[in-house]
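Now for the letters of each chain:
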Amino acid sequence: MKTKRLLTIGECMVEMAPDGHGKYSMNFAGDTLNTAWYAKRCLAGLDDYSVGYLTAVGTDSISQKMLDFLSESGVDSTYVSHTPDRTLGLYMIQLDNGERSFAYWRDTSAAKLLAADPSTLDTAFSGDQILLFSGITLAILSPEHRQNLIDALARARAQGAQVVFDTNIRPRLWENPNITKEWLSKAASIADVMLPSFDEEEDMFGDAKPQDTALRYRDLGAHTVIVKNGAHEMYAWSQGEGGISISPDPVTPVDSTAAGDSFNAGYITARMQGANLEEALRAGMMLSAQVVQHRGALVAL
Ligand SMILES: Nc1ncnc2c1ncn2[C@@H]1O[C@H](COP(=O)(O)OP(=O)(O)O)[C@@H](O)[C@H]1O
Ligand SMILES: O=C(O)C(=O)C[C@H](O)[C@H](O)COP(=O)(O)O
């Protein structure tokens, strides 16, 4: 993964995060944006590396605020498209002993149209870069646009881009479990690197242990599979480096939102700089352990 450019693809929403005293703070977040944001922080000071975000927003003032936020964060928004008459989606974090769940208002968000135009995707995906998308990115699209996205990623991969897929399974965003499994497996079959989380794979695919998840995605063609697992032992396998079981030092989570997304950023940016499998896993674990000890998805560490 020794390339200097990361582009993530998905939906950034308005986030309402509980402050612990009955009030909410408003931020911008979304799984793929969270990974881009943390990746940019991990690469701070390394001017020859760049991080971009591909999404669709409206033309209203809250959409403009999100673009300003990207710009202040140093995340390149060249491939953000603008859809008049639509705006950002919104989600609220709900906490139960530090474990997050979400309520969504995103049915007509602009981001649902991010894969409408195959030629825009081809332009954005060209060149030597890492392209990261997620199961949430796919879930919010129509079936036709899901196929547009997967086809464009496959074309880019054939030209040398590296495709990274985090399944981030949100059953509520999908039509039904069979359709979810079908699209996740289709998307996995064009991915070089898979970054699933075990509890979601267990629920959706019935995997008994992280090794089963790794094997399933390896058999679909990934050369690397990292099976995140909350506070528990995770399993990672990479062609040529073998398998590793490794446990994070447990911390008490305040808000587990973006644990997986920040792990992805730590892992990917370490790999971009030449880290081996274990070093990159440790970078991901270290970042995500800090993130879960703070409220909201994006934490200025
Ligand atoms: N309580 C915790 N203590 C230490 N590390 C944690 C904890 N919760 C999450 N992490 C770290 O974050 C990673 C991703 O967490 P996980 O819950 O699997 O992802 P997701 O947010 O996608 O569900 C874990 O593999 C681990 O490294
Ligand atoms: O649910 C969505 O659509 C979002 O993008 C909101 C959250 O910011 C991410 O889901 C957090 O993802 P985790 O790293 O798995 O906690």
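Please refer to the structure placed before this passage.
Anyway, here's the lowdown on the structure attached to this text. Predicted model, so just to flag it, every value in this text is computed and none were measured.

### What about the site of ligand 1?
Taken together, 17 residues are adjacent to ligand 1, and Ser197, Gly230, Met234, Gly260 and Ser288 come closest. Ser197 places a polar side-chain atom, nitrogen or oxygen, 2.9 Å from an oxygen atom of ligand 1. A distance of 3.1 Å separates an oxygen atom of ligand 1 from a polar side-chain atom of Ser288. Relative to its free-state accessible area of 560 Å², ligand 1 is covered by the protein chains to the extent of 93%.

### Observations concerning the environment of Glu175
When you line up the elements, Glu175 lands in the loop between strand S9 (162-166) and helix H6 (177-188). Judged by relative accessible area, which is 43%, Glu175 ranks as partly exposed. As for Glu175 and Leu114, which are separated by 61 residues in sequence, their C-alpha atoms are 19 Å apart. Among the polar contacts made by the side chain of Glu175, one reaches the side chain of Arg146 at a distance of 3.1 Å.

### Let's talk about the sheet that holds strand S11 (residues 224-227)
Strand order in this open sheet of 9 strands is S5-S4-S1-S8-S9-S10-S11-S12-S13, and the pairing throughout is mixed. The sheet is open, and its two edges are formed by strand S5 (80-82) and strand S13 (242-246), each paired on a single side. Across the sheet, helix H5 (residues 143-158) is in contact with strand S1 (5-9), strand S8 (130-134) and S9; its angle to S8 comes to roughly 160 degrees.

### Here we look at the packing of aromatic side chains
The final tally for this structure, using the stated rule, is 7 aromatic pairs. With centroids separated by 5.0 Å and ring planes inclined at 90 degrees, the aromatic side chains of Trp37 and Tyr38 adopt a geometry described as edge-to-face. Each member of the pair, Trp37 as well as Tyr38, is classed as buried. Aromatic side chains Phe133 and Phe165 sit 4.4 Å apart centroid to centroid with 20 degrees between the ring planes, which places their arrangement in the stacked category. You can see Phe133 sitting in strand S8 and its partner Phe165 sitting in strand S9, a full 32 residues away along the chain. Residue Phe133 is classed as buried on the basis of its relative accessible area, which comes to 0%. Phe165 sits in the buried class, given a relative accessible area of 0%.

The rules behind these values
- Residues numbered from 1 in each chain as written.
- Chains lettered and ligands numbered in written order.
- Predicted model: local features only at pLDDT ≥ 70, side-chain atom pairs only at ≥ 80, totals over all residues.
- Heavy atoms only, no water.
- Near = heavy atom within 4 Å.
- Polar contact = N/O pair within 3.5 Å; in protein donor to acceptor, adjacent residues only side chain to side chain.
- Areas by Shrake-Rupley, 256 points an atom, 1.4 Å probe, with all protein chains shown as cover.
- Helix = DSSP H or I, 4+ residues; strand = E, 2+ residues; numbered from the N terminus.
- Buried < 20%, exposed > 50% of the residue type's maximum accessible area, 1.4 Å probe, protein only.
- Pairing = 2+ DSSP bridges.
- Contact = heavy atoms within 4.5 Å.
- Axes fitted to C-alpha atoms, helices over the stretch in contact; angles between N-to-C directions.
- Phe/Tyr/Trp six-rings, centres within 6.5 Å; stacked < 30°, edge-to-face > 60°.

All quantities given are derived from atomic positions and should not be read as evidence of function.
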